[in-house]
Amino acid sequence: MNFFDEAQMLLPAGAIVKNAPMKDYTTFKIGGAADYLIMPRSVKDVQEIFRLLNKYQVPHILLGNGSNVLVRDKGIRGAVIKFGGAFGEIRRTGEHELLVGAGVLLKDAAEFAAANSLSGLEFAIGIPGSIGGAVFMNAGAYDGEMKNVVASVTSVGKTGEILSRRGEDVALSYRHSIFQENGEAICEVTLALTPGNEREIRDKMADYTARRESKQPLTMPSAGSTFKRPKGYFAGTLIDQTGLKGFSVGDAQVSEKHAGFVVNKGNATAADVLKLIEEVQKRVYAAHKVRLFPEVRIIGEE
């Protein structure tokens with residue numbers, strides 16, 4: 001018996017596949033194959049997966065919607081655990097609280113909140129990630145962030161135990177959470193929102209959507225904002241001022257629409273993107289003495 005055979009026996013049909021090309025599971029449309037791609041359907045599945053990972057000493061990476069990720073060209077050794085539609089439940093659990101599965105897309109959670117006249121999640125309407133990934137990275141936009149709305153998080157630990165943390169114990173800060181260090185799998189999130197007027201909530205969401213569509217390169221594959229915001233500056237503005245809009249390495253390009261985004265013109269490799277990022281960092285520092293650091297998560301075998 002080996003890891004794959006035992007996982008096939010314990011998990012639902014189709015929940016684990018070998019040699020999965022990660023370009024098919026990330027918004028950048030870039031990346032080599034993962035040894036195993038696992039798509040759990042329940043918390044019990046996640047517990048079984050962690051038990052098997054430990055038993056066979058298989059390394060793993062957790063993935064949500066794949067919207068803030070660059071997978072290297074050699075792919076990922078070990079397992080990728082991807083949380084999708086099976087973790088898509090969203091329901092109201094209190095007067096101002098929502099229980100949201102890790103696989104729920106942020107835009108769907110924002111729409112659900114609006115339909116229930118709950119405010120606080122409007123900022124999330126244009127972020128192309130899942131709730132689990134958003135908590136993992138403390139996603140934010142338009143002066144809002146997950147830190148402001150997360151009341152609690154239920155996760156599965158690396159030895160299969162179910163854990164629950166209050167929002168203040170998740171260590172949410174700029175593009176950071178405790179889950180980046182502890183290896184736990186986020187399964188459910190409780191969001192604490194505030195009562196609002198549905199029309200006003202939807203007007204705000206429509207405004208954010210219009211601003212995003214007018215400024216961001218949404219028609220091309222990308223991983224969202226490529227660089228973290230340097231203190232006192234905006235990365236896109238610095239890159240634009242350095243004359244790098246449209247700068248390319250292979251099919252990786254600094255977007256001509258928004259310099260804070262690196263886009264895939266069609267057949268970009270991870271190597272192209274990494275070379276481009278390095279060159280942008282070097283030129284921006286030479287011009288402005290400001291260091292840029294990637295916001296996108298870079299994973300996989302070097």
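The structure contained in this document is the topic of the report that follows. (Residues numbered from 1 in each chain as written. Predicted model: local features only at pLDDT ≥ 70, side-chain atom pairs only at ≥ 80, totals over all residues. Heavy atoms only, no water.)

1. Some remarks on the layout of surface pockets
Phase 1: Put simply, the second largest pocket is a space of about 160 Å³.
Phase 2: Lining of the second largest pocket is provided by 13 residues; of these, Lys107, Ile125, Gly126, Pro128 and Arg212 occupy positions nearest its centre.
Phase 3: Taken together, the elements giving at least two residues each to the lining of the second largest pocket come down to α3 (106–115) and α6 (198–215).
Phase 4: At three residues, α6 tops the list of elements feeding residues into the lining of the second largest pocket. (1 Å grid on protein atoms, 1.4 Å probe; cavity = no way out; pocket = protein on both sides within 12 Å on 5 of 7 lines; lining within 4 Å. Points joined across faces, edges and corners; volume = space filled by probe spheres on them. Helix = DSSP H or I, 4+ residues; strand = E, 2+ residues; numbered from the N terminus.)

2. Some thoughts on the packing of helix α1 (residues 3–10) against helix α2 (residues 43–56)
Phase 1: Axis separation between α1 and α2 bottoms out at 10 Å; the angle between their running directions is 160°. As summarised for this structure, α1 and α2 are arranged roughly antiparallel, according to the angle between their axes. The handedness of the crossing between α1 and α2 comes out as right-handed. Residues Phe3, Glu6, Ala7 and Leu10 of α1 lie in contact with α2, whose contacting residues are Glu48, Arg51, Leu52, Leu53, Lys55 and Tyr56.
Phase 2: Residues of the contact of α1 with α2, tallied by class, amount to six nonpolar, no polar and four charged. (Axes fitted to C-alpha atoms, helices over the stretch in contact; angles between N-to-C directions. Parallel < 35°, antiparallel > 145°, perpendicular 65-115°, else oblique. Left-handed = near helix turned anticlockwise from the far one by under 90°. Contact = heavy atoms within 4.5 Å. Nonpolar A, V, L, I, M, F, W, Y, C, P; charged D, E, K, R; others polar.)

3. Some words on α1
Phase 1: Those residues of α1 not exposed but buried are Phe3, Phe4, Glu6 and Ala7. One face of α1 carries all of its buried residues, which in axial projection span an arc of 165°.
Phase 2: The secondary structure elements touched by the buried residues of α1 are β1 (16–21), β2 (33–38) and α2.
Phase 3: At the N-terminal boundary of α1, the capping side chain belongs to Asn2, with an oxygen 3.2 Å from the backbone nitrogen of Phe4. (Buried < 20%, exposed > 50% of the residue type's maximum accessible area, 1.4 Å probe, protein only. Arc of directions from axis to C-beta. Polar contact = N/O pair within 3.5 Å; in protein donor to acceptor, adjacent residues only side chain to side chain.)

4. Some details on the pattern of salt bridges
Phase 1: According to the stated counting rule, one finds 21 salt bridges in the structure shown.
Phase 2: Put simply, Arg202 and Glu198 hold a salt bridge, and the shortest N to O gap is 2.9 Å. Remark: Glu198 and Arg202 occur in helix α6; sequence separation between them is four residues, near one turn of the helix.
Phase 3: Judged by relative accessible area, which is 29%, Glu198 ranks as partly exposed. (Salt bridge = Lys/Arg side-chain N within 4 Å of Asp/Glu carboxyl O.)

5. A closer look at unusual backbone geometry
Phase 1: Positive phi is not limited to glycine here, since Ser117 has a value of about 55°.
Phase 2: Within the secondary structure, Ser117 sits in the loop between α3 and β8 (118–119).
Phase 3: The phi dihedral of Tyr142 is positive, around 50°, even though this residue is not glycine.
Phase 4: Within the secondary structure layout, Tyr142 lies in the loop between β9 (140–141) and β10 (144–145).
Phase 5: Since its relative accessible area comes to 26%, Tyr142 is described here as partly exposed.

6. Side note on the packing of aromatic side chains
Phase 1: Inspection of every chain in the model, using the stated rule, returns five aromatic pairs.
Phase 2: Note on Phe3 and Tyr56: the rings are 6.2 Å apart at their centroids and 75° apart in plane angle, and the pair reads as edge-to-face. One end of the pair, Phe3, is in helix α1; the other, Tyr56, is in helix α2, and 53 residues separate them in sequence.
Phase 3: On the basis of relative accessibility, which here comes to 24%, the residue Tyr56 falls in the partly exposed class.
Phase 4: With centroids separated by 4.5 Å and ring planes inclined at 5°, the aromatic side chains of Tyr142 and Tyr208 adopt a geometry described as stacked. Linking Tyr142 in the loop between β9 and β10 with Tyr208 in helix α6, this pair joins segments that are 66 residues apart in sequence.
Phase 5: Residue Tyr208 is classed as buried on the basis of its relative accessible area, which comes to 13%.
Phase 6: Across the ring face of Tyr285, the terminal group of Arg291 is positioned such that the distance to the ring centre comes to 4.2 Å. (Phe/Tyr/Trp six-rings, centres within 6.5 Å; stacked < 30°, edge-to-face > 60°. Lys NZ or Arg CZ within 6 Å of the ring centre and 35° of its normal.)

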